[in-house]
Amino acid sequence: MLKGKTALITGASKGIGRAIALDMAKNGANIALNYIGEPNEAELVRRLILDENVHCAIYKCDISDFNASKKMVDDVLRDFSQVDVLVNNAGIARDNPILRISEKDYDDVMDVNLKGSFNMIKHLYPAFMKSRTGTIINIASVCGLRGWQWQASYAASKGGLISLTKTVAKELAGRGVTCNAIAPGLIETDMTAGLNGDNKSDFVASIPLSRAGQPSDVSKLAVFLASDWASYITGEVIKVDGGLCI
Ligand code: NAP
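This text gives an overview of the structure that appears in the document.

Calculation rules
Residues numbered from 1 in each chain as written. Predicted model: local features only at pLDDT ≥ 70, side-chain atom pairs only at ≥ 80, totals over all residues. Heavy atoms only, no water. Helix = DSSP H or I, 4+ residues; strand = E, 2+ residues; numbered from the N terminus. Contact = heavy atoms within 4.5 Å. Salt bridge = Lys/Arg side-chain N within 4 Å of Asp/Glu carboxyl O. Buried < 20%, exposed > 50% of the residue type's maximum accessible area, 1.4 Å probe, protein only. Phe/Tyr/Trp six-rings, centres within 6.5 Å; stacked < 30°, edge-to-face > 60°. Pairing = 2+ DSSP bridges. Axes fitted to C-alpha atoms, helices over the stretch in contact; angles between N-to-C directions. Expected span 1.5 Å × (residues − 1). Arc of directions from axis to C-beta.

A word on the environment of Thr192
Phase 1 of the analysis: Note on placement: Thr192 falls in the loop between strand 6 (177–184) and helix 7 (197–205).
Phase 2 of the analysis: In this structure, the C-alpha to C-alpha distance between Thr192 and Ala93, residues 99 residues apart in sequence, is 9.4 Å.
Phase 3 of the analysis: Ignoring sequence-local partners within four residues, the contact set of Thr192 consists of Leu186 and Ile187.

Considering the pattern of salt bridges
Phase 1 of the analysis: Evaluation of the coordinates by the stated rule reveals twelve salt bridges.
Phase 2 of the analysis: Across the salt bridge formed by Asp228 and Lys5, the nearest N and O atoms sit 3.0 Å from each other. Taken as a pair, Asp228 in the loop between helix 8 (215–226) and strand 7 (237–240) and Lys5 in the segment before strand 1 (6–9) lie far apart in primary sequence, 223 residues in all.
Phase 3 of the analysis: Judged by its relative accessible area of 17%, Lys5 falls in the buried class.
Phase 4 of the analysis: Of the charged contacts in the structure, one is a salt bridge between Glu43 and Arg46, with a shortest N-O distance of 3.0 Å. Highlighted residues: Glu43 and Arg46, both in helix 2 (residues 39–50), separated by three residues, approximately one helical turn.

A closer look at the packing of aromatic side chains
Phase 1 of the analysis: As enumerated under the stated definition, the model contains one aromatic pair in all.
Phase 2 of the analysis: Relative to Phe203, the ring of Trp148 lies with its centre 6.2 Å away and its plane at 25 degrees, an arrangement referred to as stacked. Placement of Trp148 in the loop between helix 5 (143–146) and helix 6 (152–173) and of Phe203 in helix 7 is noted, with a sequence separation of 55 residues between them.
Phase 3 of the analysis: Take Trp148: its relative accessible area is 25%, and that puts it in the partly exposed class.

So, the sheet that holds strand 3 (residues 56–60)
Phase 1 of the analysis: Pairing within the open sheet is parallel, and its seven strands lie in the order 3-2-1-4-5-6-7. Each having just a single partner strand, strand 3 and strand 7 make up the two edges of the open sheet. Here the strands of the sheet are splayed against their neighbours by 20 degrees on average, with no regard to which way each runs.
Phase 2 of the analysis: Across three bridges, strand 1 lies against strand 4 (residues 85–88) in parallel orientation. Paired with Leu8 across the two strands is Leu86, which belongs to strand 4.
Phase 3 of the analysis: Each of strand 1, strand 4, strand 5 (134–139) and strand 6 touches helix 4 (residues 103–131); the most contacted strand, strand 4, lies at about 170 degrees to it.

Some words on the environment of Ser153
Phase 1 of the analysis: When you line up the elements, Ser153 lands in helix 6.
Phase 2 of the analysis: Sequence separation between Ser153 and Ala29 is 124 residues; the distance between their C-alpha atoms is 34 Å.
Phase 3 of the analysis: Apart from the residues lying within four places of it in its own chain, the contact partners of Ser153 are Arg94, Ile101, Tyr106, Val109 and Met110.

With respect to helix 2
Phase 1 of the analysis: Taking 1.5 Å of rise per residue, the twelve residues of helix 2 would be expected to cover 16 Å, and the 16 Å separating its terminal C-alpha atoms lies within 8% of that figure.
Phase 2 of the analysis: For helix 2, every residue scored as buried is listed here: Ala42, Val45 and Ile49. Angular distribution of buried residues about the axis of helix 2 spans 65 degrees; they occupy a single face of the element. Exposed and facing more than 90 degrees away from the buried side of helix 2 are Asn40 and Arg47.
Phase 3 of the analysis: Contact partners of the buried residues in helix 2: helix 1 (15–26), strand 2 (30–35) and strand 3.

Purely geometric stuff here, so don't read any function into it on its own.
Printed below as a string of structure tokens:
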């Protein structure tokens, strides 16, 4: 579905980003793989991707850093000549009631989840305008649609990302570039590993499909949105939540 395309995926060393990178590679895409802190994990993903007979290179970069993310985009464009698919997946959470959220935690979450995605879009914007094709996929969250207690900064960042998605979709439509968001519910990754015992059972019980999602539940949709099959879809927010937010 993605033969000949190049995808730049942030936070692809584990979890949902890893699954998206592997599924896109399986479907023929070359992968520019970003991570920040775990080189061994990133290298493992790179080796699995190379088994699919596509190109893959790793880029260590903190996407919340405006200048560092510009350099990464320049490096990727130099190495791959173009980027057809940008997946803004990297994200962090610092859950707490509002009374206990520190200024630093609030800023960190906004800086990675919202500003980091903005940085990537801004730096790739000229290349997308020039090539007059491409797609951007932002990994948001159902928290950004509904709000969620103890996740004020996270929910606000994802709500902002959804607004950013719609704005970019409008701005770049005239250039043939699409931009959509995926809003996962509860997906089993390191990010949600702290949720266990009764808390997790209660949460899962509230999901109509009666199970937590897997990273592959999200990556399959990302492959579809990156493919030509989705070329008339833009500005959408698609939930992958087992019916949690029906
Ligand atoms: P995860 O397993 O914790 O993976 C997060 C990834 O982001 C890692 O690869 C990490 O790199 C990278 N990352 C973190 N900060 C970064 C930064 N400043 N610059 C570059 N990369 C950075 O999380 P996940 O559950 O897969 O989440 C992926 C996305 O899905 C996030 O945007 C999250 O908000 C969203 N989401 C997740 C769920 C869920 O239930 N899991 C639900 C809704 C939405 P290192 O490994 O190198 O540290």
